[in-house]
Amino acid sequence: MDLHLKIWRQKDRKSEGKLVDYDLKGLNPHMSFLEMLDTLNEKLIIKGDEPVEFDHDCREGICGQCGMMINGIAHGPLKHTTTCQLHLRSFKDGETILIEPFKAEAFPVKKDLKVDRSAFDRIISSGGFVSVNTGQAPDATAIPVTHQTAEEAFDSAACIGCGACVATCKNGSAALFTSAKITHMALLPQGKEERSKRVLDMVAQMDAELFGHCSNTEACEVECPQGISVLNIARMNFEYNRALFFRKKA
């Protein structure tokens, strides 16, 4: 199949970017989207041109590194699918595909399709951990957790931190990402000891990173490759208000 690509090229965060046109012919429809970009880069390198910079790692839909906007949709047209899991058979022969980086104030472009998502790391560092003694793992049945609670915690922990929720939100909000991390630990016994400090610190860091405010459009859940529920945001708001209430009483 043949494709016409319009790819965002930008030297660095201080430079102005622009869309550049590329034509690829004779592509295998079973190629992944990233393999298609690899093919393009091979051709550019052979010609002596600068290859297109983009994030990738595991290419198995686990690491969350491969995020980009494809025809205006985070990760492309398939639901609950990362960019690396997207294949060319999802497009038509001769189609024009617009490829852009995730665009949000908190995700500055580093080069081409590669953005700086270290703001997520700083949110995690602010409180996304449990301060317990390390050592030998306790017996699995030592701390009783109901099956339903374990499943709910696992659903929240499934967030891969790709940033699609931020990129698709009209406000550039990180509420879904932050709330998933908060909910994951707030549900489990190991996380309850620091639940108040954690939510206050992580929300404060989220605000400091200049993410936008959640206005409940729920676009984040729609475009999340893991289908993380917006109910996590409701849980974060509950945890935050609870922490404020007990801090005032203290």
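Just so we're clear, the structure is a prediction, and the values are computed from it rather than from any experiment.

Rules used in this analysis
- Residues numbered from 1 in each chain as written.
- Predicted model: local features only at pLDDT ≥ 70, side-chain atom pairs only at ≥ 80, totals over all residues.
- Heavy atoms only, no water.
- Salt bridge = Lys/Arg side-chain N within 4 Å of Asp/Glu carboxyl O.
- Buried < 20%, exposed > 50% of the residue type's maximum accessible area, 1.4 Å probe, protein only.
- Helix = DSSP H or I, 4+ residues; strand = E, 2+ residues; numbered from the N terminus.
- Pairing = 2+ DSSP bridges.

What to know about the pattern of salt bridges
Counted under the stated rule, the structure contains 14 salt bridges. A salt bridge links lysine 103 to glutamate 100; the shortest N-O distance between them is 3.3 Å. You can call lysine 103 partly exposed: its relative accessible area is 45%. Residue arginine 122 pairs with glutamate 209 through a salt bridge whose shortest N-O separation is 2.7 Å. Taken together, the residues arginine 122 in helix α2 (residues 118-127) and glutamate 209 in the loop between α6 (195-208) and α7 (219-223) connect sequence positions 87 residues apart. We classify arginine 122 as partly exposed; its relative accessible area is 39%. Given a relative accessible area of 13%, glutamate 209 falls into the buried group. One connected set of salt bridges, linked through shared partners, spans Asp55, Lys114 and Arg117.

Side note on the sheet that holds strand β3 (residues 69-70)
Spatial strand order, β2-β1-β5-β3-β4: five strands in an open sheet with mixed pairing. The sheet is open, and its two borders are formed by β2 (18-24) and β4 (73-74), each paired with just one other strand. With two bridges joining them, β3 and strand β5 (residues 96-100) adopt antiparallel strand pairing. Considered in β5, the bridge of isoleucine 70 is made with isoleucine 99.

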